[in-house]
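# Chain and residue survey
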Amino acid sequence: MVSERCKLPLKVATALSLAIVGALWLGWDKPYWAGFAVVVMSVTETTGHSLRKGRHRLVGTLIGVISAFLFVGLFAQEPFIFLLTFTSFAACCVYLMANPRTGYIWTMTLIVCTLIIVMGHFSAELTFTVAVLRLQETILGIVCFTLVFSLLWPASSRKVLHSTLLSFFVAQQRNIEKTVAGLEGRGERGQGLGFGDGLKFLIRLEDLLPAAIVDSYHISSEAKTWQLFLAQSREWALLCGHLSEASELLEPAMVNSEQQEIQALLIRISCRFASAEAALCGTVTNDNPIPEVITLRDKAIYDPQHHSALLQLEQVLNALDLLSCNMLKTLCAALTLDTLETLEMAVISNPHSQFAGLDLEQLCQALRAWVIIWICIGLWLFVPWTGGSTVALMGVILGSAIVSMPFCDVKMVFRNMVGWSCVILLQYVFLMPLFSEVWQLAAFYFLNCFAIWYWFSKPQQVLSRMLGTQLLIVMTMGAIKLQPVYDFQGALLQLFLMSVVVLIVYFVNYTLFSSLPERVFLRHIKWLYYLFAWQLRRLNFKDKKEHWFSRCIGLIFLGQSPLRSVMLMEQAIARIDWSRYPEVDREQVTGIISRLYALTLRLISLHDGYVGWEPKSIPPQVATLLADIVTSLSDVIECTGDIESLQLHEDKLDQLQVHLQQCVKNVNSDSVLLLSLNTEQVLYLFRILAAIKLIIRDIKRLDKQVSSAKFSELEYNYFSL
């Protein structure tokens, strides 16, 4: 009986040996390219991820071949123009590598294009030969990997997707219990259904679903239904955030145990999630209660703040009730269970999808890669040493790979590279020259690959596995040619050149827009102020037309969602060695991250309220007042001005809420607002006012937290000293 720890090493070692031996049997000159394809595809979670990565590798190879032909055909006689266009193309590829869906395509595009250009020596015939060979080797590696991983203990993406969904529904049932306790005042407010958990599940689902569609017939045959479930999951994450937002506006006494409607609604949602859990376990169930609309607005006292909060809570709870019912129907339809009526297919668009703009961190990565490539090209052109073109080649490959990895420890990469190289070179010198049969070569790669993947089997050791296996192929590539060459000096030269490139990457990566987690955290906390200010300005309550040039510049450089920066900051604080900064309170920094998440959610809520609003039917006095408040708020955020000046705007918002409360209660029947607005518009206006007040409150809290935190200590690190 094979243990679980041995299964993956056996599959990788078998596929690698088969790819190398297959390439030699076919008479191809560079079998290590097929081995690289196997190694890269193996560092994935499931078979679906691997097959999807193989598809992307093939597409990237084709694009890289075409790009190399264009560069050689158009700029072979113009060295400066060629270098300028190629380095710009490389920077664009590095920028696109951060895309979680298509990033690997651009990684392969850059690597293949560089390999063909460098190894083709600008010769049309040689360039074509190298391109065809690269394409053949890639296809062979994909075929060998698919054959082995499909026959030996296949890891289905469908099972992982189902287990992820199961854990999500179980966790949501626990969160619903916490939500009920929080609304009744029996638990800590803000606990329960929240934006963070839904967002993490959404990111996980967006990763698993495309992989499951690739390797599972059951998932691919219901792909449209699963896409509908994904869209509903996005809406669920936002509604959970709005629920926590509404609960913060309420006093615990406002929602007590006597209000049975809220409890009954949350129990209905919990029952549906229990049914979803049973459906994922294969149990047939019909427990999907019909949604019932609840009304809370009549229970509000004559406090406009409470009235606004209850209106928002009522709207969010009713939306959650209906959405959970539809999610269960969609899930059962996706699982092809006929016990529930099939949900009619409808296209749900993401209301928050918009032009994302340029990502700041990806721009920094592209700039660092551009500088690294130019330095390596300069060494190739102006330093007279052996293998100069290899420096340029490794500069592109290693530079783009290390720069595109967030918070990569270059020193650890260098230590791993030197350690693995020493172990492999000893075998290359004393063992491999004794081989006289192909099976001996296959056994060498099988045993070494198995040992690497067996001893470094933990998820956090994936970089060691990758480096060890790739260096195993790189350092011994002379022995797997059609005519074996055992050149120890060439292997040492290759190790020296790689060390030079890693040294260049180290200095550029930690000096030019440093990728140290401390620097990333500080950079994005400053950048977020501009992003928040832009998100407020783009609402444009006055419906005033901006100049097209300033609008385009804003969309390009400030159009990205603040959520991306907040998530990156959260990753950065997890990588910081806080023992080196004893004066900085990590819990305080974590509180700032939570506040930034909340502020991002407030902006989404404000945007939702504004989208549902009909500005043309709103009295111009109200539109002008809101525009002035939002403009002042954006100026304070961007210029870090006087936070206390926002108190005046809070007083104006309170007055407007009181006026709206009187209109709803028919106290002021002659009001211009009552004549201009219908009930639905009043609800949307209440939501806008509540969101603006919460934003002002969070800005004040955030300013105090940032001011008290000693972030200046993070600016001093070992590298800058």
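We now turn to the structure provided with this report. (Residues numbered from 1 in each chain as written. Predicted model: local features only at pLDDT ≥ 70, side-chain atom pairs only at ≥ 80, totals over all residues. Heavy atoms only, no water.)

## Things to note about the overall build of the chain
Tallying secondary structure elements over the chain gives 26 helices and zero strands in all. Every one of the 721 residues in the chain was classed for burial, and the buried ones make up 52%. Across the chain, contacts joining residues at least 24 apart in sequence account for 81% of those joining residues at least 6 apart. Here the chain has roughly 32,600 Å² of accessible surface; of this, 62% comes from carbon and sulfur atoms. (Helix = DSSP H or I, 4+ residues; strand = E, 2+ residues; numbered from the N terminus. Buried < 20%, exposed > 50% of the residue type's maximum accessible area, 1.4 Å probe, protein only. Contact = heavy atoms within 4.5 Å. Areas by Shrake-Rupley, 256 points an atom, 1.4 Å probe, with all protein chains shown as cover.)

## Overview of the side chain of Ser50
Relative to the helices and strands, Ser50 is located in helix α3 (residues 47–75). Classification of Ser50 as buried rests on a relative accessible area of 2%. Within the structure, Ser50 has its side chain in polar contact with the backbone oxygen of Met41 (distance 3.1 Å). Contact partners of Ser50, with chain neighbours within four places excluded, come to Met41, Thr44 and Phe145. (Polar contact = N/O pair within 3.5 Å; in protein donor to acceptor, adjacent residues only side chain to side chain.)

## Brief notes about a nonpolar patch on the surface
Among the surface-exposed residues, Val2, Leu18, Leu147, Leu151, Leu152 and Trp153 lie close enough to one another that they form a single nonpolar patch of about 510 Å² accessible area. Considering the arrangement of structural elements, one finds Trp153 in the loop between α6 (124–151) and α7 (157–183). Judged by its relative accessible area of 33%, Trp153 is partly exposed. (Patch = residues over 30% accessible without salt bridge, like charges linked within 9 Å, V, L, I, M, F, W, Y side chains within 5 Å. Salt bridge = Lys/Arg side-chain N within 4 Å of Asp/Glu carboxyl O.)

## Remarks on helix α11 (residues 260–280)
With 21 residues, α11 ought to run about 30 Å at 1.5 Å a step, and its terminal C-alpha atoms sit 30 Å apart, in line with that. In the segment just after α11, Gly282 is the residue with positive phi, at about 90°. (Expected span 1.5 Å × (residues − 1).)

## Brief notes about the packing of helix α15 (residues 410–430) against helix α18 (residues 488–511)
Where α15 meets α18, the closest approach of the two axes is 10 Å, and the angle between their N-to-C directions is 175°. One finds that α15 runs roughly antiparallel with respect to α18. Along the contact surface, α15 presents Val410, Lys411, Phe414, Met417, Ser421, Leu425, Tyr428 and Val429, while α18 presents Phe488, Ala491, Leu492, Leu495, Met498, Ser499, Val502, Tyr506, Asn509 and Tyr510. (Axes fitted to C-alpha atoms, helices over the stretch in contact; angles between N-to-C directions. Parallel < 35°, antiparallel > 145°, perpendicular 65-115°, else oblique.)

## Some words on the side chain of Asp359
Relative to the helices and strands, Asp359 resides in the loop between α12 (304–334) and α13 (360–382). Looking at Asp359, its side chain comes within polar contact range of the side chain of Arg564, at 3.1 Å. When sequence neighbours within four positions are dropped, the list of residues in contact with Asp359 reads Tyr95, Gln560 and Arg564.

## Re the environment of Ala91
Relative to the elements of secondary structure, Ala91 occurs in helix α4 (residues 79–96). Using a relative accessible area of 13% as the deciding quantity, one classes Ala91 as buried. Separated by 277 residues in sequence, Ala91 and Arg368 have C-alpha atoms that sit 8.5 Å apart. Among all residues touching Ala91, those that are not within four sequence positions of it are Ala366 and Trp370.

## What about the pattern of salt bridges?
Overall, the coordinates contain 10 salt bridges when judged by the stated rule. The salt bridge involving Glu361 is made with Arg523; its shortest N-O contact spans 2.9 Å. With Glu361 in helix α13 and Arg523 in helix α19 (residues 517–537), this pair connects stretches of sequence that are 162 residues apart. Across the salt bridge formed by Glu518 and Arg580, the nearest N and O atoms sit 3.3 Å from each other. Within this pair, whereas Glu518 is found in helix α19, its partner Arg580 is found in the loop between α21 (562–575) and α22 (586–612), the two being separated by 62 residues in sequence. What makes Glu518 buried here is its relative accessible area of 4%. Look at Arg580 and you get partly exposed, because its relative accessible area is 33%. Each member of the salt-bridge network shares a partner with another, and the members are Arg268, Arg272, Glu292 and Asp321.

## Points about the packing of aromatic side chains
The final tally for this structure, using the stated rule, is 24 aromatic pairs. Relative to Phe75, the ring of Phe71 lies with its centre 6.4 Å away and its plane at 45°, an arrangement referred to as tilted. One end of the pair, Phe71, and the other, Phe75, are both in helix α3, four residues apart, so they sit about a helical turn from each other. Using a relative accessible area of 9% as the deciding quantity, one classes Phe71 as buried. One aromatic cluster is present, built from ring pairs that chain together Phe71, Phe75, Phe82, Phe86 and Phe89. The ring of Tyr454 is capped by Arg5, whose NZ or CZ atom sits 4.2 Å from the centre of that ring. (Phe/Tyr/Trp six-rings, centres within 6.5 Å; stacked < 30°, edge-to-face > 60°. Lys NZ or Arg CZ within 6 Å of the ring centre and 35° of its normal.)

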